[in-house]
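So you can see what is in the structure, the chains are spelled out below.
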Amino acid sequence: MSGQTFTIQALQLQDVPEAAQLSSDAFLTDRQTQMKALGRNPFNMKEYQTQSLPEMLKSPRCVILKAVDNETGEFAGFCNWGLIGFSPEEMPVVEGRIQPPEKPAAAPAQQSENENDKENGKDKEKEKSSAVEPKPSPDADPDDPIERLQALTGADLDAWQKEVMPKGTKCLVVIGLSVSPKFQRRGIGSALLRWGTNICDEAGVFAWVHSSEPAWKIYEKAGFQVIRTLDVDLDEYAPCPPPDEGPEAKWGHYVFRYMKYFGSQD
Ligand SMILES: CC(C)(COP(=O)(O)OP(=O)(O)OC[C@H]1O[C@@H](n2cnc3c(N)ncnc32)[C@H](O)[C@@H]1OP(=O)(O)O)[C@@H](O)C(=O)NCCC(=O)NCCS
């Protein structure tokens, strides 16, 4: 497109360390992420992305796109798209994308179970829920108020997924979206979203996202509609008041928005 100062490409395995740092930088001002970093099992976005992105790159129903600045070659942002219920032939071709094997090595019994999960979108949704709402580690302290918050948001997300994606549903899901603070408000996030909404228009399917508080306006601009919200008073779950913000400082409310792009109706 004329005037576009960046190029969209497939994310590569060697991009993972930079992507993890970029995501950590992008979420630095996100209130929920800041608060979770102070928990007994501190959440660390960089570590989380470092661990999860290689797995997602191996997933046959996941497309991770990165935006690269044309002038400097800098890595400006990336988006993970999950494509639920798409057959291998229907998967969009993205130049340079790692083409994962359709059936990763697994025992036959396990394979059929995995296939069922795929049909239900479970495998992708496990990624989705963990991408946005990292689940507590098995040895996490149950008395940690942040664990209670994660249990609440995790259960809400699970309920939404059951409702929005009954068995056999074909749709897209935004698993993650991060644009480097240096490159924000230049249309990069929108372009990464347009890739998926164009597929929705072509295939006649919907897309959904569990939007972070600060990001929902970009989804709205991309044509998503708010279907449901979860309003959380972060101070109810915070292990301590926000540091270095004065004696009266509050974490405030954080609204998760479940949003849907319905695609063109032709
Ligand atoms: C959300 C995010 C991906 C937006 O990326 P971006 O490249 O800056 O977005 P765009 O430049 O394409 O913005 C498109 C439109 O979205 C809206 N928008 C984007 N960021 C916004 C913000 N911080 N506040 C209000 N509106 C915003 C605006 O309408 C904007 O259009 P405009 O600049 O012409 O007003 C980026 O801010 C980010 O990485 N945030 C932190 C991580 C995050 O929350 N990710 C989403 C997880 S669900």
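Refer to the structure printed above.
Bear in mind that the values here come from a model prediction, so they are computed numbers and not experimental data.

With that out of the way, let us pick up the sheet that holds strand β1 (residues 6–10). Read from one edge to the other, the open sheet built from seven strands follows the order β1-β2-β3-β4-β5-β7-β6, with strand pairing classed as mixed. Because the sheet does not close on itself, it has two edges, and the strands there are β1 and β6 (225–233). Ignoring strand direction, the axes of neighbouring strands in this sheet form an average angle of 20°. Across five bridges, strand β5 (residues 206–211) lies against strand β7 (residues 253–261) in antiparallel orientation. The residue bridging W208 from the neighbouring strand is K260, located in β7. Taken strand by strand, helix α7 (residues 188–203) contacts β1, β2 (62–69), β3 (75–84), β4 (171–179), β5 and β7, and its axis lies near 20° from that of β3.

Bringing the site of the ligand into the picture now. The environment of the ligand is made up of 20 residues, and the closest members are L177, R185, G189, S190 and S212. A distance of 2.8 Å separates an oxygen atom of the ligand from a polar atom in the backbone of G189. Separating an oxygen atom of the ligand from a side-chain N or O atom of S212 is a distance of 2.7 Å. Here the ligand, which alone exposes 910 Å², has 78% of that area covered by the protein. Counting only elements with at least two residues in the shell around the ligand, the list comes to β4, α7, β5 and α8 (216–221). Among the elements that make up the shell around the ligand, the one with the highest residue count is α8 (four residues). The class makeup of the residues in the shell around the ligand is eight nonpolar, eight polar and four charged.

Below, the discussion takes up the nonpolar core. With 32 residues, the main nonpolar core has W81, L172, V174 and F224 as its most contacted residues. Elements that contribute at least two residues to this core include exactly β1, β2, β3, β4, α7, β5, α8 and β7. Top contributing element to this core by residue count: α7, with seven residues. Apart from residues lying up to four places away in sequence, L172 is in contact with W81, G82, L83, F86, G196, I199, C200, V205, F206, A207 and W208.

Right, let's talk about the pattern of salt bridges for a bit. The final tally for this structure, using the stated rule, is nine salt bridges. Between E245 and R31 there is a salt bridge, with its nearest N and O atoms 2.8 Å apart. Of this pair, E245 sits in the loop between β6 and β7 while R31 sits in helix α2 (residues 31–36); the two residues are 214 residues apart in sequence, bridging distant segments of the chain. We classify E245 as partly exposed; its relative accessible area is 40%. The salt bridge partner of K170 is E90, with a shortest N-O separation of 2.9 Å.

All right, on to the packing of aromatic side chains then. The tally for this structure, following the rule as stated, stands at eight aromatic pairs. For the pair W81 and W195, a centre-to-centre distance of 6.4 Å together with 45° between the ring planes defines the contact as tilted. Placement of W81 in strand β3 and of W195 in helix α7 is noted, with a sequence separation of 114 residues between them. Classification of W81 by relative accessible area gives buried; the value is 0%. An aromatic cluster is defined as three or more aromatic residues linked by ring pairs; in this entry it consists of W160, W208 and Y258. It is R228 that lies over the ring of Y258; its NZ or CZ is 5.3 Å from the centre.

About the criteria used
Residues numbered from 1 in each chain as written. Predicted model: local features only at pLDDT ≥ 70, side-chain atom pairs only at ≥ 80, totals over all residues. Heavy atoms only, no water. Pairing = 2+ DSSP bridges. Helix = DSSP H or I, 4+ residues; strand = E, 2+ residues; numbered from the N terminus. Axes fitted to C-alpha atoms, helices over the stretch in contact; angles between N-to-C directions. Contact = heavy atoms within 4.5 Å. Near = heavy atom within 4 Å. Polar contact = N/O pair within 3.5 Å; in protein donor to acceptor, adjacent residues only side chain to side chain. Areas by Shrake-Rupley, 256 points an atom, 1.4 Å probe, with all protein chains shown as cover. Nonpolar A, V, L, I, M, F, W, Y, C, P; charged D, E, K, R; others polar. Core = buried A, V, L, I, M, F, W, Y, C linked by side-chain atoms within 4.5 Å. Buried < 20%, exposed > 50% of the residue type's maximum accessible area, 1.4 Å probe, protein only. Salt bridge = Lys/Arg side-chain N within 4 Å of Asp/Glu carboxyl O. Phe/Tyr/Trp six-rings, centres within 6.5 Å; stacked < 30°, edge-to-face > 60°. Lys NZ or Arg CZ within 6 Å of the ring centre and 35° of its normal.

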